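A look at the structure
So you can see what is in the structure, the chains are spelled out below.
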Amino acid sequence: MSYDFATYDKNYHTEADVVVIGAGIFGLSTAYFLSKMGKKVIVVEKKDVGSGASGSNEAWVWLSTRTREVLPFVRFSQQFYTNIEETIGYDVEYNNCGGYIIAESQEEMDFLAKYCEQRWKDGLPEIHMIGQEEFHKRERGYSPHVMGGTYNPLDGCVNSILVCVGFASAVRDLGNEVWTKTDITAINLKGKKVHEVVTNRGTIRTDCVVNAAGSWAADIGKLVNVDVPCKPERMTVLVSEPVAPYINNVSMTGKYLLDELNKAEQAAAAETGEAEASAVYVYTQMKKGNLLLGSTEDFVGYDRRVNFENPKAIAKVIGDINPEIRDKKVNIIRAFANFFPFTMDNNPIMGPVPGVEGFIMATGLNGGGMAIGIGAGYTTAQYCAFKETHFRIDYFDIQRESLWK
Ligand SMILES: Cc1cc2nc3c(=O)[nH]c(=O)nc-3n(C[C@H](O)[C@H](O)[C@H](O)COP(=O)(O)OP(=O)(O)OC[C@H]3O[C@@H](n4cnc5c(N)ncnc54)[C@H](O)[C@@H]3O)c2cc1C
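Residues numbered from 1 in each chain as written. Predicted model: local features only at pLDDT ≥ 70, side-chain atom pairs only at ≥ 80, totals over all residues.

With that settled, consider the packing of helix α1 (residues 25–36) against helix α12 (residues 369–386). Contact pair α1 / α12: the axes reach a minimum separation of 7 Å and the direction vectors enclose 45 degrees. Viewed along their axes, α1 and α12 adopt a mutual orientation that is oblique. Judged by the sense of rotation from one axis to the other, the crossing of α1 with α12 is right-handed. Counted together, Ile25, Phe26, Ser29, Thr30, Tyr32, Phe33 and Leu34 of α1 and Gly369, Met370, Gly373, Ile374, Ala376, Gly377, Tyr378, Thr380, Ala381, Cys384 and Ala385 of α12 form the full contact between these two elements. Within the contact of α1 with α12, the residues separate by chemical class into twelve nonpolar, six polar and no charged. (Axes fitted to C-alpha atoms, helices over the stretch in contact; angles between N-to-C directions. Helix = DSSP H or I, 4+ residues; strand = E, 2+ residues; numbered from the N terminus. Parallel < 35°, antiparallel > 145°, perpendicular 65-115°, else oblique. Left-handed = near helix turned anticlockwise from the far one by under 90°. Contact = placed C-beta atoms within 7 Å. Nonpolar A, V, L, I, M, F, W, Y, C, P; charged D, E, K, R; others polar.)

Dropping the structure here:
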């Protein structure tokens, strides 16, 4: 039986094949697959399981807008979710409900039609266009000005904190350990090789460290003098009281997609203080009935507070697209903000780091970790165990030019 390491004995010594830093979806899924591969793994987490982005987000398992490079990971994750309860022994409330990107003008409709064609070329033939009449026949509650848009039957949602807790218990059931509330004080090298991880709960001798610290991955990089081009992007979301089943799909507007495609420009503007958070429409209904309504995204460092402007802007956008939610006066019970690991090219950073043998990157899931994370974790585990991967990992090299623009 394995357990959270109970004492704070800094003189304790142990060893592991791999130390994974961070108990979010990336770290926990990597640890899970490593455990299945028979490796001794310790996950080291500074707070709690799922206390980063993976435990509180908009909950989509979304394929429609994920980049071409990560599509194999996303497909792997989506398949994994369909059997996750049998596989890890935990119900994570996965709902393969399908998803829309909706258009509010003919211009957006034309843009989405072209986008759809591009997605087919990228390897996502399931996505297709739905016209205005068909859309309103299928879906109630949307403003009549919504013109339809893309639909993808593979999109869905999940209860993200249950995903984290489920993976952590599976790691423990497989005989490995998750150390929570643990501070890492050093990663010691022997020559240019990883040698040990020093924490306030003791020292772990290991040849391999996975940096899955999400938005904090750059801090872990500093421990071994590695620059990690990843920073926190804040997202704010509203949560409603539970209501009867309403819209049956996850949905976003074309404006969200356009913002996604222009993210690098926004990040650059944030550096000069010129960026403003603008609200875009994002909708999910959880199995328990709560609506997750979003969202705004901004770059404010590690400030997790909810300000006054962002929820107001979100409420306006939601009212414009789903007037029923506003008019029926669905009560908003809270708002939360959290940040995810942003990279300049919207793709993860994965694999080895030149110059520090045994230091493996696993961050940069951006706004898509619940969908990308399980496939990316599987690939990272394969790399650590065999130095070979089923899906391509070279796209995600820390030295690629597009990260350092
Ligand atoms: C509001 C919001 C909405 C989102 N909506 C969606 C969505 O609908 N669908 C989707 O797919 N994605 C969504 N995302 C993105 C998704 O949540 C992230 O991509 C994903 O959770 C990142 O996972 P991660 O494991 O890399 O990082 P995290 O979950 O942040 O995990 C990193 C962990 O590392 C730990 N850590 C940090 N420093 C240290 C240290 N020094 N020592 C030990 N541990 C450390 C942290 O405490 C944390 O637990 C959203 C994100 C936000 C913020």
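With that out of the way, let us pick up the site of the ligand. Within the structure, the ligand sits among 43 residues, and Gly22, Gly24, Gly52, Gly214 and Gly369 are positioned closest to it. Secondary structure elements with two or more residues in the shell around the ligand: α1, α7 (217–222), β14 (231–242), β18 (332–342) and α12. A breakdown of the residues in the shell around the ligand according to their chemical character gives 22 nonpolar, 16 polar and five charged. The two domains that each donate at least three residues to the shell around the ligand are domain 1 (13–61 + 161–229 + 346–403) and domain 2 (99–152 + 231–342). (Near = placed C-beta within 6 Å. Domains from an automatic or database assignment.)

In this model, α1 (twelve residues) spans 16 Å end to end at C-alpha, consistent with the 16 Å of a helix rising 1.5 Å per residue. Burial analysis of α1 places eleven of its twelve residues in the buried class, the great majority of the element. If you check which residues of α1 are buried, you get Ile25, Phe26, Gly27, Leu28, Ser29, Thr30, Ala31, Tyr32, Phe33, Leu34 and Ser35. The secondary structure elements touched by the buried residues of α1 are β2 (18–21), β3 (41–44), α6 (160–173), β13 (209–211), β20 (356–363) and α12. (Expected span 1.5 Å × (residues − 1). Buried ≥ 20, exposed ≤ 12 C-beta atoms within 10 Å, placed from the backbone.)

A few words now on the nonpolar core. Core analysis: the largest hydrophobic core is formed by 116 residues, its most contacted members being Val19, Ile21, Leu28, Val43, Val171 and Val209. Among the elements that make up this core, the one with the highest residue count is α12 (nine residues). In this structure, Leu28 is in contact with Ala23, Val43, Cys164, Phe167, Ala168 and Val171, ignoring residues within four places of it in sequence. (Core = buried A, V, L, I, M, F, W, Y, C linked by C-beta atoms within 7 Å.)

Glancing now at unusual backbone geometry. The residue after Gly294, namely Ser295, is reached through a cis peptide bond having omega -15 degrees. The backbone of Glu93 shows a phi angle near 60 degrees, a positive value even though the residue is not glycine. Checked against the element boundaries, Glu93 lands in the loop between α3 (84–88) and β5 (99–102).

Moving on: helix α2 (residues 71–82). For α2, which comprises twelve residues, the first-to-last C-alpha distance of 17 Å matches the rise-based estimate of 16 Å (1.5 Å per residue) to within 8%. By the burial criterion, the buried members of α2 are Phe73, Val74, Phe76, Ser77, Gln78 and Tyr81. Contact partners of the buried residues in α2: β4 (60–61), α3 and α12.

This part takes up the packing of α2 against α12. Helix packing geometry: the angle between the two helix axes and the distance between the axes. Axis separation between α2 and α12 bottoms out at 7 Å; the angle between their running directions is 100 degrees. Viewed along their axes, α2 and α12 adopt a mutual orientation that is roughly perpendicular. Mapping the contact onto sequence places Pro72, Phe73, Val74, Phe76, Ser77 and Phe80 in α2 and Ala371, Ile372, Gly373, Ile374, Gly375, Ala376, Tyr378 and Thr379 in α12. Of the residues contributing to the contact of α2 with α12, the split by class is ten nonpolar, four polar and no charged.

A sheet is described by the order of its strands in space; here eight strands give the open sequence β6-β7-β5-β15-β16-β17-β14-β18, paired in mixed fashion. What marks the edges here is a single partner per strand, and that holds for β6 (128–130) and β18. Neighbour to neighbour, the strand axes of the sheet diverge by 25 degrees on average, direction disregarded. Sheet strands in contact with helix α4 (residues 106–122) are β5, β6 and β7 (149–152), and its direction is about 155 degrees off that of β6. (Pairing = 2+ DSSP bridges.)

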